[in-house]
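Coordinates in review
Listed here are the chains, written in short residue letters.
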Amino acid sequence: MTDRFQLVTVLGSTGSIGTSTLDVMARHPDRYRAFALTAASQVDALFDQCLRFQPRFAVLADPVRAGVLSDRLRAAGSATEVLASAQALCDVSAAPEVDAVMAAIVGAAGLAPSLAAARAGKRLLLANKEALVVGGDLFMAAVRQGGGTLLPIDSEHSAVFQSLPDDPAAWAMRVDKIVLTASGGPFRERDPGTLAAVTPEEACAHPNWVMGRKISVDSATMMNKALEVIEAHYLFGMAPERIEVVIHPQSVIHSMVQFHDRSVVAQLGTPDMRVPIAYGLSWPARIESGAAALDFATLGALTFQPPDPARFPGLGLAWEAMKGPTGTTAVLNAANEVAVAAFLDRRLRFDQIHRINHATLQALTFSKPDCLDDLLALDAQARTQAQAEVLRCAC
């Protein structure tokens, strides 16, 4: 840790979480500096970020695009060094100079650099829920062995973390259950019989949050909540049956903790990801996030309802996967990534996403994954099976 400021690597800096992270950092230039910014393919956006935040490194997945970015930065007089490899993502996450890593790469692709940051003992701000859904016990073991700090950035898990006692040893003794709230997405009141006609544009039009396309579809199917249930199980050591989901359309209460005496502690705020990001960056202190304050005088009613299994059949797969052998949650995540990509490419109907996920879980048998290579092999196997299921649906 430096005396003046923290050096931060932002994995997925051009996505919605990454840009919000840089917004919060820009509000506190005396506290935070960018060490590395990474993106999958967005050269223009990463170029602009490099000019503004002047990181030591920029990483792109595609070597050709990385060459283009390097030339442009050199021509602009920037000293940022451009890298292009999966190993580079791990290197900028585990570099000795780095204090904190924002893990915001969407999907299983974010697992390896998140593990690298955990093993290096960094303050790891986890916005990539798939790292825990796929990595599970392996990921949590890496956090313990590295001796770093794991802070959840998903609004729901940040809310739970803020509502729990400070001492993790007290969680099991005091907590009755965790209640994750869900907005219900754009189809909360839509007739389930009409979901086959949903377009990618409709599925990505979230009523409350500004998010990327993949997570917006997950919100519309409530698979994001299924993955968050799994994430909560690993983050907080809570048995699956002690995790509950409730629909809260206003997205003001971000999640709740019910204690054994039946009292409930909740975290409230505007639906703005800069709030949990600022909390993660500054914990245990709090800094200004840029989000608007809640106006209780005009807030209106806060309502709740149970999820409709006919409208959201994929939600129950969370508990089903956690009952399966180690690795089942990784299979579920891989199948969902394939199914959502096929839907966004208009090769699969919206209502078939759940069918692909369920069919892939049913089709695969596998050995327990004991290391990262085993997990990546299982991920690849699940994707192959899911692609086959997509082709069957298209016939």
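Heads up: these notes are all about the structure in this document.

Criteria and cut-off values
Residues numbered from 1 in each chain as written. Predicted model: local features only at pLDDT ≥ 70, side-chain atom pairs only at ≥ 80, totals over all residues. Heavy atoms only, no water. Pairing = 2+ DSSP bridges. Helix = DSSP H or I, 4+ residues; strand = E, 2+ residues; numbered from the N terminus. Axes fitted to C-alpha atoms, helices over the stretch in contact; angles between N-to-C directions. Contact = heavy atoms within 4.5 Å. 1 Å grid on protein atoms, 1.4 Å probe; cavity = no way out; pocket = protein on both sides within 12 Å on 5 of 7 lines; lining within 4 Å. Points joined across faces, edges and corners; volume = space filled by probe spheres on them. Nonpolar A, V, L, I, M, F, W, Y, C, P; charged D, E, K, R; others polar. Parallel < 35°, antiparallel > 145°, perpendicular 65-115°, else oblique. Left-handed = near helix turned anticlockwise from the far one by under 90°. Core = buried A, V, L, I, M, F, W, Y, C linked by side-chain atoms within 4.5 Å. Buried < 20%, exposed > 50% of the residue type's maximum accessible area, 1.4 Å probe, protein only.

Overview of the sheet that holds strand 6 (residues 123-126)
- Strands sit in the order 4-3-2-1-5-6-7 across an open sheet of 7 strands; the sheet is parallel. Across the chains shown, the open sheet's two edge strands, defined by having one partner strand only, are strand 4 (81-83) and strand 7 (149-152). The mean angle between the axes of side-by-side strands here comes to 20°, regardless of whether they run parallel or antiparallel.
- As paired elements, strand 1 (residues 6-11) and strand 2 (residues 32-39) share 5 bridges and run parallel to each other. The partner of Gln-6 across the bridge, within strand 2, is Tyr-32.
- Its contacts with the sheet place helix 3 (residues 63-75) against strand 3 (57-60) and strand 4, and it is angled at close to 175° to strand 4.

Topic: the layout of surface pockets
- Counted as a void, the second largest pocket has a volume near 450 Å³.
- Lining of the second largest pocket is provided by 21 residues; of these, Leu-150, Phe-161, Asp-166, Pro-168 and Trp-171 occupy positions nearest its centre.
- Listed by contribution, the elements that provide at least two residues to the lining of the second largest pocket are helix 6 (130-146), strand 7, helix 7 (155-163) and helix 11 (223-236).
- The biggest single contributor to the lining of the second largest pocket is strand 7, with 4 residues.
- Grouping the constituent residues of the lining of the second largest pocket by class yields 16 nonpolar, 3 polar and 2 charged.

Observations regarding the packing of helix 6 against helix 11
- Running from amino to carboxyl end, helix 6 crosses helix 11 at an angle of 20°, the nearest separation of the two axes being 8 Å. Relative to helix 11, helix 6 is oriented roughly parallel. Handedness of the helix 6/helix 11 crossing: left-handed. Contact with helix 6, carried on its side by Glu-130, Leu-132, Val-133, Gly-136, Asp-137 and Met-140, involves Leu-227, Ile-230, Glu-231, Tyr-234 and Leu-235 of helix 11 and no other residues of that element.
- Taken together, the residues of the contact of helix 6 with helix 11 break down into 7 nonpolar, 1 polar and 3 charged.

Side note on the nonpolar core
- Among the nonpolar cores identified, the biggest contains 105 residues, and Leu-69, Met-102, Phe-139 and Phe-236 are the most heavily contacted of them.
- Every residue in contact with Leu-69, bar those within four places of it in the chain, is listed here: Val-43, Leu-46, Phe-47, Ala-58, Leu-60 and Val-82.
- Core analysis: the second largest hydrophobic core is formed by 19 residues, Leu-195, Ala-220, Leu-344 and Phe-350 among them.

Some remarks on unusual backbone geometry
- Cis rather than trans, the peptide bond between Trp-283 and Pro-284 has omega equal to 5°.
- Structurally, Pro-284 is set in the loop between helix 12 (274-282) and helix 13 (317-323).
- Positioned with a positive phi, Ser-251 is a non-glycine residue whose angle comes to about 55°.
- Looking at where Ser-251 falls in the secondary structure, it is placed in the loop between strand 9 (243-247) and strand 10 (253-259).
- You can call Ser-251 buried: its relative accessible area is 5%.
- Positive phi values are uncommon outside glycine, yet Arg-262 reaches one of about 75°.
- With respect to the element layout, Arg-262 can be found in the loop between strand 10 and strand 11 (264-268).

As far as function goes, none of this settles anything; it's purely spatial.
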